[in-house]
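Listed below, chain by chain, are the residues.
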Amino acid sequence: MAALSRKRLTDIHKHLINGRTAAFARLFHSTRLNQQNEHSEQQEGEFRVFEIEGLKPVKTERFARRQKKKPPPPRFRSMATDQDWTDVWPTASTFKWSAVPFPVRQGFVENSSENEGVVPAKYANLELMKPPNFLHLTPAHVKKHCDALKKFCTAWPEGLETEEDCRHHFPVESVTSDYVFAAPSLRDDRARVASIKLNLSDLELDYHSRDKFIRLVGDRYNPDTDEVIFESDRCPLKSQNLEYVNFLLTAVYFESWKREGWEDQKELSDMESYFWDINASRKNMVSLLRTIKEADEKSPEADKGLGYLPSDVANEDAICQLEEVQQYKVAVEELFNEGENIETLNNYKAAVTKLLNLKSDAAV
Amino acid sequence: MRERLVRVAGGMMKSLSRTAYLCVANDVKQGSSRCLSSVAEPKQSNLRQVFRTSEDDPRAHTLDHVGLFYKIPETEVNSMFKGCIHPWHLRLMNTFNEHCLMVRKPSVEVNGYLKNMNFNHPVPKFVYYGRRGAGKVCSLLHTMHFCARNDWIMVHVPWAGQWVRGWNKEVAESTHKPGRFDLPMDAAEWLSHFRIQNQNKLKDLKTTSEYIWTKREKADVGTPLDEIINFGLNRFKFSSDCVGVLLKELRLQAAEKGFKVLVAINSVNSFFVPWSKENTLKNSEKKQVLPHEVSLVHNFKKMLSPTWNNGAVVCTVNEGSNDQSLREDYTPQYLLGQEGFEWFDPFVPILVPEYSSTEALSCLSYYIDRNWIQNEHGRTEEGMKEIMFVSNRNPFNLYKVCSSL
Amino acid sequence: MAASLSTVKGLCATASKVLAATQCSNLFADHIAKISVQPVRQSMYNPKYVEPIIDKATLEKGLDPDDLRRHRPIKAPTTDISISPLFYDPEILKFTNMMMKAGNKERVREVMRKLFENLKHMQVEKYNKATSESEKAEIECNPVVIFKQGVENCKPLLLVTRVVKGGVAYRVPVCARPNEQRFRAMKWIIESCRDKERRIPMEQKLAWEIMDAYNNQGKAIRRKQEIHRICESNRAFAHLR
């Protein structure tokens, strides 16, 4: 029996090691065939031909490699447009590029060499996988959740359809929060904070009590939204804080209706807005009008005097009730309270020219 | 000049950019020497009619004259307007070889009020307010011109802020009243300014009461006001008191003698708002002197009160005169403050707005006529539109933009 | 002055042939690109980037569908390149930047504005006070023209470079390139102004200096003439370059 060539031996070793019994069987079969051939030659008594290695091309059986399994086409290719999305994506999960049917791009490219200058698509896009997606909360999902929860809910009370109705019936809004802490103890300190919110116009207050209320409450009042917020976290329990905050509201409300003795010592600098009647402007105006009256009586000039002044100017209140003076008063108060803008300044100018009877051909 | 350019262009090795520039230079030079390029010439005659008015008398200016420039004669500029015009404006006027002012609506309005007012009533007060560079001082000048032509007496303060700033000034204790402070140099300066402005009108005015300066010096009843001014200029120590005497006499005699007094104060808000602590006036004890403690200011404030008649008070409020932190707004009540408003109340606030488009065009045409805008593109309609846009039609900004063109 | 100019001319002629070839290509570029300044350093832009369009009319018209600029990135236009001939002039910009210290452009712009104002005040006053037309024709009122002419008059035709040969450093006259000429002229004007009294504002000193240069007088002109004199005296070394 011809010795198996070295190559063939090593091949056999390899296959034995790899454990590919089928290939081994084939190999063994081919060697046996060769042996048979050689055997038949000898039997005939023919001269053994010397086979020069490498002269004739040796047919080596190529071991067919396992076909790499082709990946199936992505799922979204075969999705119908009218499918139920809630079945495709029932819960929150990582972004799966193959299951998302719409094109989406996310990422930053620094220059045109990176990804040919285009923002990366969804295949293997880490930027799309990292953040939370809300594909499990589409309107279809929400509808399904709502339908499932409906049997546990009661009907919305009648008479509370609009926001105004809610505010009318429930003017005070209490705000609390519950927390669950991720630690050996579940408790969170912030849970004891309680606050109530209400609109100041819902409270019954007159001018003085409203002003006092705002002064007492301080920062808690927001003049832009007319809201008062009482917040507390000084008690250990939430219920205690809520009680305290309700107490605060009650106390401040009733206090603001009281009038203390020291409030009469309020000075001009303490005034919350400008009142013409208590300021120097009124005094100046009265004395000015009196002077003008005297001058007019001394040397009356037709059409240039202040005709609207009454004959008796001793009475201060009478002067202040005049229409021109009232117009002037309103103009000055507006100037201080609303601030200076074109409108208020023009009103003031008109009031003064009317008051002092100043006329110009070029006046607007 | 041209020969030199040609020689340089002759045989020298140089780049074409240089020749290109030289050719351009020649064209532009020709253009400017003719005062116009050939393109602009047909427009010029139209523009000339638009921006000037031959009406020199401010008494005759009406709304029809708004936006037009009128000329102020040299004599009046040297007498009445001396020290009143901004230095940059005066320099411009000197370069143009004429002193022209634009007629604008705010001053025409105030002149109308002054024409129709009742002189028996206490003095009416007018306040010009507006953005920086809008033309408040020029409006004041126009009103002053109007009053001067009507033979009013001018009591004009060029800039009230000067009396409130520190600037290492000499501050003396008041000779008249303890607790007040004098500014000898400023008072003397004002006295000479007053005299120049009212050159021929002070002849008949005499004092009505006696004023004792020191044990040996006194002014008797019947001293002409001219002498009091002289006394103030010679004896700096008493200059502030002289100012006070002068103002008091004017107030008392205005109605009796029949002459009218115009009190024109530029940036009157300096009277009421204290200046910053670093730069302020300091008395001998290095303590801050507030405006109302300065005797000059005190005397002028009396002119603002409605205790006298036969006159008018026209002022401007200037945001630049206030301290840095109090310059947010340009409106009168903000700038005067609470105290100032109460003192001034009731007054007529007159807004001095930026130029309207016609006024701005008129101003630019005037500049072109005076050869001030040299840039070729600036003389075209498109260029003028661009200038108006860039400066937002603010008179001072317009001047600034055109100064580099 | 005429003699030195002719010798300088001669020097230039020898060097001109050498440099004429290189200059030729620049001549037309200068003529076309009047608005843009000759770049001093290489552009930092990727070659793909395309020049921006600033002209409003072209922008409103829009691009052709097959225009390359639809698919190429576009360079950012600089702040200074505006189409308004009111405010932008490359020479003046160069001068402004040269005068600038620590990047304080605002300050220098104010100085330039006041400089032109001063020049105008000087000339327009003369113009408005001149009586005859011939007098008026003589007076140049445009400050930009005066400025440019002043700078032009200060430009040296030759500069000296240091050439070391055989251990000896020679100052060799060489033809000044246009950029160098402009730089030198502007630098001399600025330096001669800075040497003057400190209390006088820069715009005033500059106005005097530029008026002097316009009339071929003054410190900057003298510096140029000195350089020409040195070149004249060192003309034997011209062959070293």
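As annotated in an unreviewed UniProt entry, chain B is Small ribosomal subunit protein mS29 from Aplysia californica. Under the heading Sequence similarities (unreviewed entry), UniProt records this for chain B: "Belongs to the mitochondrion-specific ribosomal protein mS29 family." Taken from UniProt, the Subcellular location (unreviewed entry) comment for chain B reads in full: "Mitochondrion".

As recorded by an unreviewed UniProt entry, chain A carries the name 28S ribosomal protein S35, mitochondrial and is attributed to Aplysia californica.

To continue, consider the pattern of salt bridges. Under the counting rule described, the total for this entry stands at 46 salt bridges over all chains. The partner of Lys258(A) in a salt bridge is Glu255(A), and the shortest N-O contact between them spans 2.9 Å. Of the charged contacts in the structure, one is a salt bridge between Glu109(B) and Lys105(B), with a shortest N-O distance of 3.4 Å. Here Glu109(B) pairs with Lys105(B), and both are found in helix H6 (residues 105-116), just four residues apart, close to one helical turn. Of the residues examined, Glu109(B) reaches a relative accessible area of 3% and is grouped as buried. Look at the salt bridges and you will find they share partners, linking Arg52(B), Lys71(B), Glu98(B), Asp369(B) and Arg370(B) into a network.

This paragraph deals with the sheet that holds strand S4 (residues 227-232) of chain A. Residue and element names in this part refer to chain A. Strand order in the open sheet formed by four strands is S1-S2-S4-S3, with antiparallel pairing between adjacent strands. The outermost strands of the open sheet, each flanked by one partner alone, are strand S1 (173-176) and strand S3 (221-222). This element, helix H8 (residues 238-257), spans S1, strand S2 (194-199) and S4 of the sheet and lies at about 30 degrees to S2.

Scanning all chains against the criterion turns up 38 aromatic pairs over all chains. Ring geometry for Phe272(B) versus Trp343(B): centroids 6.5 Å apart, planes at 45 degrees, classification tilted. Highlighted residues: Phe272(B) in the loop between strand S9 (261-265) and helix H11 (295-304) and Trp343(B) in helix H12 (residues 332-344), separated in sequence by 71 residues. The residue whose ring lies beneath Lys122(A) is Phe76(A), and the NZ or CZ to ring-centre distance is 3.9 Å.

Moving on: the UniProt feature "domain: Small ribosomal subunit protein mS35 mitochondrial conserved" (unreviewed entry) in chain A. Taking the numbering used here, the UniProt-annotated feature "domain: Small ribosomal subunit protein mS35 mitochondrial conserved" (unreviewed entry) corresponds to residues 190-258 of chain A. End C-alpha atoms of residues 190-258 of chain A are separated by 36 Å, and the span's content is 45% helix alongside 20% strand.

Residues and elements named next belong to chain B. What the five strands build is an open sheet, ordered S4-S9-S10-S3-S11; its pairing is parallel. The open sheet has two free edges, formed respectively by strand S4 (153-157) and strand S11 (348-351), since each of these has just one partner strand. Neighbour-to-neighbour, the strand axes of this sheet turn through a mean angle of 20 degrees, independent of strand direction.

All names here are of chain A. Covered by surrounding structure in S4 are Val228, Phe230 and Ser232 only, the residues Glu227, Ile229 and Glu231 on the alternate face being uncovered. Pairing geometry for S2 and S4, over six bridges, is antiparallel. Paired with Asn199 across the strands is Glu227, a residue of S4. The sheet contact formed by S3 and S4 spans two bridges and is antiparallel. Note on S4: the bridge partner recorded for Asn222 is Glu227. The antiparallel pairing of S3 with S4 creates a hairpin that spans four residues between the two strands, and Asp226 there sits at a positive phi of about 60 degrees.

What follows covers unusual backbone geometry. In this structure, the amide linkage connecting Asp345(B) to the following residue, Pro346(B), adopts the cis form with an omega of -5 degrees. Residue position: Pro346(B) is located in the loop between H12 and S11. For Asn357(A), which is not glycine, the phi torsion reads 55 degrees and is therefore positive. In the Ramachandran plot, Asn97(B) falls in the positive-phi region, its phi being about 70 degrees despite a non-glycine side chain.

Residue and element names in this part refer to chain B. Grouped together as the largest cluster of nonpolar side chains are 118 residues, with contacts concentrated most on Val155, Trp190, Ile265, Phe271 and Phe300. Residue contributions to this core peak at seven residues, all from helix H10 (residues 239-257). For this core, the two domains that each supply at least three residues are domain 1 (45-103 + 354-405) and domain 2 (122-351). Once you skip the residues sitting within four places of it in the chain, Ile265 turns out to touch Leu140, Val157, Ala160, Phe271, Phe300, Leu304, Val314, Cys315 and Thr316.

All right, on to the domain arrangement of chain B then. All names here are of chain B. Examined at the domain level, chain B breaks down into domain 1 (45-103 + 354-405) and domain 2 (122-351). A straight line from the C-alpha centre of domain 1 to that of domain 2 covers 30 Å. If you look at the interface, domain 1 gives 25 residues, while domain 2 gives 20 residues. In this assembly, domain 1 packs against domain 2 so that about 1900 Å² is buried in total across both faces, 64% of it on carbon and sulfur atoms. For the pair domain 1 and domain 2, the number of links is two salt bridges. Glu76 is paired through a salt bridge with Arg149; the nearest N and O atoms lie 3.0 Å apart. Linking domain 1 with domain 2 are eleven residue pairs in polar contact (both at pLDDT 80 or more). Taken together, the elements giving at least two residues each to the side of domain 1 that touches domain 2 come down to helix H4 (74-79) and helix H16 (395-403). Examining the composition of the side of domain 1 that touches domain 2, we find that three residues originate from one element, H4, more than from any other. Taken together, the residues of the side of domain 1 that touches domain 2 break down into twelve nonpolar, seven polar and six charged.

Cut-offs applied
- Residues numbered from 1 in each chain as written.
- Chains lettered and ligands numbered in written order.
- Predicted model: local features only at pLDDT ≥ 70, side-chain atom pairs only at ≥ 80, totals over all residues.
- Heavy atoms only, no water.
- UniProt positions renumbered as here; feature names shortened; annotations may be inferred.
- Salt bridge = Lys/Arg side-chain N within 4 Å of Asp/Glu carboxyl O.
- Helix = DSSP H or I, 4+ residues; strand = E, 2+ residues; numbered from the N terminus.
- Buried < 20%, exposed > 50% of the residue type's maximum accessible area, 1.4 Å probe, protein only.
- Pairing = 2+ DSSP bridges.
- Contact = heavy atoms within 4.5 Å.
- Axes fitted to C-alpha atoms, helices over the stretch in contact; angles between N-to-C directions.
- Phe/Tyr/Trp six-rings, centres within 6.5 Å; stacked < 30°, edge-to-face > 60°.
- Lys NZ or Arg CZ within 6 Å of the ring centre and 35° of its normal.
- Core = buried A, V, L, I, M, F, W, Y, C linked by side-chain atoms within 4.5 Å.
- Domains from an automatic or database assignment.
- Buried area = accessible area lost by both parts, 1.4 Å probe.
- Polar contact = N/O pair within 3.5 Å; in protein donor to acceptor, adjacent residues only side chain to side chain.
- Nonpolar A, V, L, I, M, F, W, Y, C, P; charged D, E, K, R; others polar.

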